Structures are given as C-alpha cells and as structure tokens.
Amino acid sequence: ATRVVLPPGAAAAEAPGAAAGERLTVLYGSQTGNSRRVAERLAERVTAAGLNVRLLRTGAYVVRELAQERHLALVISSQGDGDPPDDALGFVEFLTGKRAPKLPQLKFAVLGLGDSSYPKFCAVSRQLDARFAELGAQRFAGLGEADVDFEAVGTGWSDGVLEKAREALGTPAAPVPANQRPVALHAVNSVLHGRENPYAAEVLENQRIVSRDSAREVRHIELSLQGSGLRYEPGDALGVWPRNPPALVGEWLRELRLDGEQEVAHDGSRLPLARWLTHERELTRLSRPLLAAHAAASGDAELARVLEPEQREALTRLLDTHQPIDLLRRHPVGWGAAQLVAALRPLTPRLYSIASSPKVVGEDEVHLTVAVVGYHAHGSAHLGAASSFLAAAGDEQRVPVFVEPNERFRLPADASRDIIMIGPGTGVAPFRAFVQERQAVGATGRNWLFFGNRHFAQDFLYQTEWQQALKDGALHRLDLAFSRDAAAKTYVQNRLREHGRELYSWLRGGAHLYVCGDATHMAKDVHEALVEVAVAHGGLSAEDARAWLAGLLQEGRYARDVY
Ligand code: 2AM
C-alpha cells in the first residue's frame, strides 16, 4: 500500500467525495517528530476514509481561524518539565490568553505525548484540553495521554477520532483508492526509506575526535547514503536504529536462565528471544512504565514506594542512574520469555543532529558527531545502545538509518542575515553543517559560533576545521568556553554575557540565533543569559526581554535543537 505522506505544515489535498466545507484539522506540536508522526498517521487514515483533512504544525496555524474551526484534533508533546515544544509556544499562549475567542462551534480532541518520569507529565496537553472545554468547545474524543511508548495509545486515540470524524463529516460514497490519495513531499525520503524501513548505510569513516586522554569518547562518523534516495538539509537529524550490546543481551539471558533461540510471539511477530532483545526491545533505558511493571511483578515494597507521587526526586534519580538489568538484579523477577518481551518497551531509534552539508560532502554522504555513552555502575559496564553500536560500526556492520527532517532548525532563507550558533559539546554538530552550507552557497551574512567543552587540549571538537574556517572567512567569530581548564567553571553563557553588547547588536540587526545540545540545564541557562543580555544592552525590563525572546522563538529566528 502507498504510504500517504503529508508535508509538515502544508495543507493536505482535499479528498474527493467528502461533503464540501466539512473537514478535520489535525494539528501537531512536535519537538523531535513523535507528535508529527502520530498526527501524520491520523491524517492518512482520515484521508483514506475519504474524508477531508488538513494537517498543520502548530507554528504554521493561523490562530484567528480557531473561531471558525469546527473539528480539530491536536497532538502535542510536552518536554522536560511539562513545557510545550517551541513550535507550539504561540498557539498555547494565544489559546490560554485573554484574546482567545469563545469556541462553541468547535469539536476537539487532544492527545498528549510525554514521559511520566517527569513530574509534570503531559502538563501542556491537560491544560489545553481543559482550556478548550472552558471556551465552550466539546470533546469528540477524550484526552489521550501517551507515556514514552507512543504507538499503542496514539493508535487507540486515533481510532476514536477517526470514528467520530466519520460520524461528523459524513460517510463518502466510496473510499478513495490508494493511488488517488495525496502522496507528497519529502516523498523521496519516505517512500523508499523511512523510519519503518531504514536504509542500511555503509560506514565510510569512524574516528575518535577527542584526544586519547579525554575522559569522554566522541567520534566523527561518516556514512554513505548512496542509492538510498535519502536527502537531507542542514538542521535535519539522522535517525539511527540501534542494536543492543551483545554482552548485555547475554546477561539478560543468563540472569533469567532463558534460551535465546526459543521463539516468542508478540504483537503479531514471532522471533527468537535473542532477536527480540537485540533488535526490538529497549534494554539500556529505564522508564517509569517498566519500573511499574517490575514493581508489580516483584511485589517489592521499596520499588512500589518510589512510584508514589511524593517520591518524584527519588524516581528521577533512580531512572537516571540505572538500566533495566540493575533492577532485575536488585529485585529479581522470574520473567518468562513472553512476559519479558511484553514488559520491555519497544526499541526506538535515536536521533543525531547531522554534522554535514550535502553541498560540501556530497548528497550521498552524511556525517555525525557521536558522544559514546558508557559508565560503570552497580558492578557492571553500562553502555548506550546507539552510541556503542555506532562506535563499533565499521566494514562489517552497516547502520540502519533514516532522515528526520527538522523544519524549525533551518538557516535563514536570506543568506545575507547574520547567524549566531551556540553549541557546547556534541551540540556543535549541526553548526558544522551550517558553516559548510553557508560557505558553499556564498552566504554574505556573518557566522558566530560559541563552543564549549571540558578541556581545550582534549575536547576541542573539529578544532582544525574551525581554524581553517576562520582563515577562509567562513566563520567570523569563535568564542570558546572550556569548563575544566581553570578552577572556576566557564560555560558558553559566560561568553554570551561577556560579549553581550555585540551579541545584542547582531540580534537587533536581524541575526538568527541557534542553540543545540543539552535541554535540561544548558538551554535554560543560555536562555537566562540572553534575557540578561537584552536587559543590560537593550535597556529592556526582564519581562520585556522575555517577551522579546519568546517572539523570536515564535517567529523561528531563535531556534533550539535540544534533547
Ligand atoms: P562540565 O561538564 O565541566 O560541567 C559540554 O558537555 C560542555 O558543557 C562541558 O564543558 C560542560 O561542562 C558544559 N556544561 C555543563 N553544564 C552546563 C550548563 N548548565 N550550561 C552550559 N554548559 C554546561
């Protein structure tokens, strides 16, 4: 069957046969693509049922249209502490603000995607669901909340929306044949190879780019996309389907005394247990749902207590410092093979911000900057699934990949605009792509990079390339913050403050601002530093400075790729 792919942010072609004027608007507020995917799938199904649908990202939705909207389905993720994705900030502000219109004409349904290990799980979706009702709109499907494993809840919620859409929008004479449905867009990417059908990429280069004595391993990896049909732009991410470390799979089988060759049927697939554990199940990330399943199966009072609402901090600490195998060892559960496969979450792909421009490295090549996750804890080695898989990838090991577009993290269309890039650690990856691209297209705007890492001598990622770019005039300013070379820590935000006057004048002159890297601490601290810069050099009150930055975020002139 043809997969119908609708462009993010573009209206879908309207299906023939549907009652004129009646349609379902499907909106998504996505940070890493999960909400977008659920929304796309819903839109495909509604289209396939012969009904009118349009699919839009929240940032592209004209909020004034809400007053005329009759059927709306919204899929929105919350990040970290319940915050909306950047793309949804304007929508959320409008809807929750004083200017929101009464919506008695509207039927709506909200689905929230989140992670219940955060205290404000699905906060934004709950808030919007309540707000729609407060404005007089009626729910045509209840609020859905998907925890970590989005597929199951997402599908169930979409079933409900589809059924109601059928009732409300009328049944068309005949369903639209597959070959007449709107197939579009990053069509090349999606039809041949996509998330569910990744391309097995050959490894062209895989080298350590920090010095031997660096405490952390970072690798530069080049992959071939030749013949894949995959296309990317600077700002996009590469999705990598990892494979769990073979030693870890072995430990699970040994701990549970299970035979890896025995076949296990689950969700319509029948595979040997070792294959389930290697390719299909999450073994390196502990989640709240798994912890809950484990607590129930072990009957362990200590574990059950950590799940209580008052124990949030203990829960977060436990999830951050343990892998599922630690739980199994400390609180043994005699999982049978089928129970185990059912209890563990499905493995999900990891997204890496692409570190190359196709205009420079060629369309058939893509580069990544990968920090290898590895630490010793609770008596054994703990590895990250994707980074250890990538670190070991070479001639014999191809890497299953797909392109995850990031429409919000794009160079300015006007190449005469200046850009400011803030990317400590491996957050520098997309800026290597940006600088390459700007040089290739002969951009006349200036490029300013803030980079930080632990030690100058060990962790200065792509040092010689930046120095060359400065010489070539491809990079105009480079400011560095090495945090562990002196007694007092210096971070990129210290440099932002130090150069605040100039930074502010670049921004006033129309510069675009980009932040990539850690979401929990870095991106928040950088944001605070930007507020201070606007206060100090723009003479704004802190409140006005915040509003100004929020405006830049909404118009996409301040974009974040944080995780
Ligand atoms: P640290 O590990 O010495 O604290 C990339 O990881 C760089 O980001 C490192 O130099 C790291 O410093 C630094 N870093 C850690 N926390 C940060 C924060 N809140 N804001 C900015 N940089 C931070």
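For the structure itself, consult the block above.
All residue numbers refer to position in the chain's written sequence, counted from 1. Local features in this predicted model are restricted to residues whose pLDDT is 70 or higher, and side-chain atom pairs enter the listing and the counts only when it is 80 or higher, whereas totals over whole chains, interfaces and linings include all residues. With hydrogens and water excluded, all non-hydrogen atoms of the structure serve as input to the side-chain values.

Visitor: Can you lay out the sheet that holds strand S13 (residues 365-372) for me, pointing to particular residues and giving the numbers?
Guide: Across the sheet, six strands lie side by side as S12-S9-S16-S7-S8-S13; this open sheet has antiparallel pairing. This sheet does not close on itself; its edge strands, each paired only once, are strand S12 (350-353) and S13. Across the sheet, the mean angle from the axis of one strand to that of its neighbour is 40 degrees, orientation sign disregarded. The pairing of strand S9 (residues 237-240) with S12 spans four bridges and is antiparallel. Following DSSP output, two strands are said to pair if at least two bridges run between them. Only DSSP runs of H or I with at least four residues qualify as helices, and only runs of E with at least two residues qualify as strands; both kinds are numbered from the N terminus onward. Working convention: axes come from line fits to C-alpha atoms, limited for helices to the stretch in contact. Angles between N-to-C directions cover 0 to 180 degrees.

Visitor: Let's hear about the sheet that holds strand S18 (residues 447-453): which residues, and what values?
Guide: Spatially, the five strands line up as an open sheet ordered S19-S18-S17-S20-S21, and their pairing is parallel. Strands at the two margins of the open sheet, each flanked by one partner only, are strand S19 (477-482) and strand S21 (558-562). Sheet twist, expressed as the average angle between the axes of neighbouring strands with direction ignored, equals 10 degrees. Of the strand pairs in this sheet, S18 and S19 are connected by six bridges, and their pairing is parallel. Residue pairing across strands places tryptophan 448 opposite arginine 477, the latter belonging to S19. Contacts are assigned to residue pairs with any non-hydrogen atoms lying within 4.5 Å of each other. Packing against the sheet, helix H15 (residues 429-440) makes contact with strand S17 (419-422), S18, strand S20 (512-517) and S21, and its axis sits at approximately 155 degrees to S17.

Visitor: Explain the nonpolar core residue by residue, including any values.
Guide: One recurring pattern in soluble globular proteins is that nonpolar side chains are buried together. Buried Ala, Val, Leu, Ile, Met, Phe, Trp, Tyr and Cys residues form a nonpolar core when they are joined through side-chain atoms within 4.5 Å. Relative accessible area decides the class of each residue, using a 1.4 Å probe on protein chains only: under 20% of the type maximum gives buried, over 50% gives exposed, and in between gives partly exposed. Counting 32 residues, the largest nonpolar core has Trp252, Leu273, Leu277 and Leu291 as its most contacted members. Going through the elements one at a time, helix H6 (246-256), helix H7 (273-280), helix H8 (288-298), helix H9 (301-306), helix H10 (312-321), helix H11 (324-330) and helix H12 (337-343) are the ones with two or more residues in this core. Those residues within four positions of tryptophan 252 in sequence are excluded, and the remaining contacts are Leu277, Leu283, Pro324, Ile325, Leu328, Leu340 and Leu344. Core analysis: the next-biggest nonpolar cluster, separate from the first, contains 29 residues, Ile420, Leu496, Trp548 and Tyr558 among them.

Visitor: Residue-level account of the pairing of strand S2 (residues 53-57), with values.
Guide: Across the five residues of S2, four count as buried, placing the element largely inside the fold. In terms of strand pairing, strand S1 (residues 24-29) meets S2 through five bridges, oriented parallel. In the sheet register, valine 26 faces S2, and the bridge partner there is leucine 55. A crossover gets the label right-handed when its path from the first strand over the helix to the second runs clockwise, viewed with the strands pointing away from the viewer. Assessed by its sense of winding, the connection that carries the chain from S1 through helix H1 (residues 34-48) to S2 is right-handed.

Visitor: How would you explain the packing of aromatic side chains if you had to name every residue and give the values?
Guide: Between the rings of Phe, Tyr and Trp (Trp by its six-membered ring), a pair exists once the centres lie within 6.5 Å; its type follows the angle of the planes, with under 30 degrees stacked, over 60 edge-to-face, and the other angles tilted. Using the criterion set out here, one finds 15 aromatic pairs in the structure. On the basis of an interplanar angle of 75 degrees and a centroid distance of 5.4 Å, the ring pair of phenylalanine 409 and tyrosine 514 is categorised as edge-to-face. Remark: tyrosine 514 occurs in strand S20 and phenylalanine 409 occurs in the loop between strand S16 (399-404) and S17; sequence separation between them is 105 residues. Grouping aromatic residues by their ring pairs yields a cluster made of Phe409, Phe431, Phe434 and Tyr514.

Visitor: Summarise the pairing of strand S3 (residues 71-77); cite the residues concerned and give the values.
Guide: Where burial is concerned, most of S3 is hidden: seven out of the seven residues are buried. The two faces of S3 match: His71, Ala73, Val75 and Ser77 on one face and Leu72, Leu74 and Ile76 on the other face are all buried. In this structure, S1 lies alongside S3, joined through five bridges in parallel fashion. In the strand pairing of S3, threonine 25 is matched with leucine 72. Pairing analysis gives seven bridges linking S3 to strand S4 (residues 107-114), with the strands arranged parallel. Following the sheet pairing, isoleucine 76 is matched in S4 by glycine 112. Between S3 and its parallel partner S4, the chain crosses via helix H2 (residues 89-96), and the hand of that crossover is right-handed.

Limitation: the analysis is restricted to geometry and does not speak to function.
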